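An overview of the molecular structure
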Amino acid sequence: MNIVLFGPPGAGKGTQGERLITLYGLTHLSTGEVFRRNMTDGTPLGDQVKAIINNGELVPDEITIAMLEEEVRKITAAKGILFDGFPRTTAQAIALDEMMTHFGKTIDHVTALEVPEKELRKRIALRKTRQNRVDDDEEKLNKRITEYYTKTLFVLDYYKKDNRLQSIDGLGSIDEVFARLKKTIEG
Ligand code: AMP
């Protein structure tokens with residue numbers, strides 16, 4: 001089972017994603033984490049994306065898609081993949097479909113956590129600093145949220161078109177949201 005978990009910064013993707021991984025034995029593929037790891041290790045890719053990520057902007061599609069393809073190739077034997085933070089643009093969503101076909105896999109669920117912008121800002125303000133995260137800087141956070149609403153939101157339309165999108169109310173306790181998520185996935 002391959003799942004795309006979708007949602008704006010602060011929607012709870014990380015927390016809910018961890019639970020999905022444990023419950024269904026999925027392999028976690030977080031593009032943000034892969035980028036951060038490359039930045040920490042000082043790889044050419046890390047150096048290439050550092051300034052972009054530290055500004056809260058999206059890494060260009062070409063770089064992100066090539067990186068993701070390489071990561072998927074490493075885990076083709078996985079029981080299932082949880083895509084976290086990808087796709088963030090329509091071009092990435094199209095590339096993901098093509099990639100999955102190429103690897104003989106399918107995206108089984110596209111789930112979007114819905115949280116109003118005001119609540120997102122409140123949650124992020126409470127969130128503790130995580131290494132290499134840029135959340136704490138107001139300006140960068142605004143940029144991240146703007147990137148979401150100007151670029152990433154369109155990805156929902158892409159999946160809505162052929163009825164693949166499952167939206168979930170992301171408000172409430174972690175347990176409540178997870179119960180909704182599980183119900184949506186298991187039908
Ligand atoms: P995340 O941990 O998913 O919030 O990602 C952290 C940062 O990595 C984002 O703010 C972007 O700069 C970059 N990033 C992660 N995933 C993508 C993606 N799919 N497309 C473009 N940039 C990304």
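Residues numbered from 1 in each chain as written. Predicted model: local features only at pLDDT ≥ 70, side-chain atom pairs only at ≥ 80, totals over all residues. Heavy atoms only, no water.

1. Focus on the sheet that holds strand β3 (residues 81-84)
One key point about sheets: their strands pair by backbone hydrogen bonds, in either a parallel or an antiparallel sense. Ordered in space as β2-β3-β1-β4-β5, the 5 strands form an open sheet in which the pairing is parallel. Looking along the sheet, the strands with just one partner apiece sit at the ends: β2 (27-30) and β5 (165-169). Shown here is a sheet whose adjacent strand axes are inclined to one another by a mean of 25 degrees, direction ignored. Inspection of the sheet shows β2 paired to β3 by 4 bridges, in the parallel sense. (Pairing = 2+ DSSP bridges. Helix = DSSP H or I, 4+ residues; strand = E, 2+ residues; numbered from the N terminus. Axes fitted to C-alpha atoms, helices over the stretch in contact; angles between N-to-C directions.)

2. Remarks on the packing of helix α5 (residues 90-102) against helix α7 (residues 138-161)
Where α5 contacts α7, the axes come no closer than 8 Å and their chain directions differ by 40 degrees. The angle between α5 and α7 falls in the class oblique. Within the contact between the two elements, α5 uses T90, A93, I94, L96 and D97 and α7 uses F154, V155, Y158 and Y159. (Parallel < 35°, antiparallel > 145°, perpendicular 65-115°, else oblique. Contact = heavy atoms within 4.5 Å.)

3. Let's talk about the side chain of T31
Structurally, T31 can be placed in helix α2 (residues 31-41). From its side chain, T31 meets the backbone oxygen of G85 in a polar contact 3.0 Å long. What T31 contacts, discounting residues up to four positions off in sequence, is M67, L68, D84, G85, F86 and R88. (Polar contact = N/O pair within 3.5 Å; in protein donor to acceptor, adjacent residues only side chain to side chain.)

4. Brief notes about the site of the ligand
Near the ligand there are 15 residues, and of these T31, R36, E57, G85 and R88 occur at the shortest range. Q92 places a polar side-chain atom, nitrogen or oxygen, 2.9 Å from a nitrogen atom of the ligand. For the ligand, an oxygen atom lies 3.0 Å from a polar atom in the side chain of R144. Contact with the protein chains covers 95% of the free accessible surface of the ligand, which is 480 Å². In terms of residues, the shell around the ligand owes the most to one element, α2, which gives 4 residues. (Near = heavy atom within 4 Å. Areas by Shrake-Rupley, 256 points an atom, 1.4 Å probe, with all protein chains shown as cover.)

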